Amino acid sequence: MTLPGIWVDVEVEALGWTQALPYAGALAETAAKAAAASLGAAGDGAYMVLLADDAVVRDLNGRFRGKDQPTNVLSFPAAAGVGEPGGATARGDLVLAYETCAAEAQAQGKPLAHHLQHLVAHGVLHLLGFDHMDDADAETMETRERDVLASLGVPDPYAATAG
């Protein structure tokens, strides 16, 4: 039996996150739940979010994607049929790199809190099968991201890059 609902576990590993955003864990949890909930029952499950640093993400990116560099967020879907304690379906893990995320937020003139929530929502949507490999898929995913973020009071993250 699968337990309905959305379960989010956030681990803050990199001190930079809590120094810059003492409530980073709560922001990540809220964004993950909002993104999952945007799909109704199809988003139910357990999600793990790790707020790490560039070194951790660079290592994971190299090992699992063959790219020897950090990136802002990595998504690792759980294997099909994997469950969590209590019966929730495991959806997967997200790992975010503090230094990369902070630099992007600054370069884009966005609050780090907004960028964090955007990247968590983006990652959760990847775990739920969304992608941006072609223009149509990207538009579908970005529209859902905009809707999720608007529900959190976060401005459209793509507005600055449009046009």
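Residues numbered from 1 in each chain as written. Predicted model: local features only at pLDDT ≥ 70, side-chain atom pairs only at ≥ 80, totals over all residues. Heavy atoms only, no water.

1. Focus on the pairing of strand β4 (residues 90–97)
Now for step 1: Taken across its eight residues, β4 has six buried, putting it largely inside the fold.
Now for step 2: Summarising the sheet, strand β2 (residues 45–52) and β4 pair through seven bridges and their orientation is parallel. By the bridge assignment for β4, Tyr-47 is matched with Gly-92. (Buried < 20%, exposed > 50% of the residue type's maximum accessible area, 1.4 Å probe, protein only. Helix = DSSP H or I, 4+ residues; strand = E, 2+ residues; numbered from the N terminus. Pairing = 2+ DSSP bridges.)

2. Notes on the environment of Thr-30
Now for step 1: Relative to the elements of secondary structure, Thr-30 occurs in helix α2 (residues 24–37).
Now for step 2: Under the relative-accessibility criterion, Thr-30 is labelled partly exposed at 39%.
Now for step 3: As a C-alpha pair, Thr-30 and Val-8 span 22 residues in sequence and 8.8 Å in three-dimensional space.
Now for step 4: Beyond its immediate sequence surroundings of up to four residues, Thr-30 is in contact with Gln-117 and Leu-152. (Contact = heavy atoms within 4.5 Å.)

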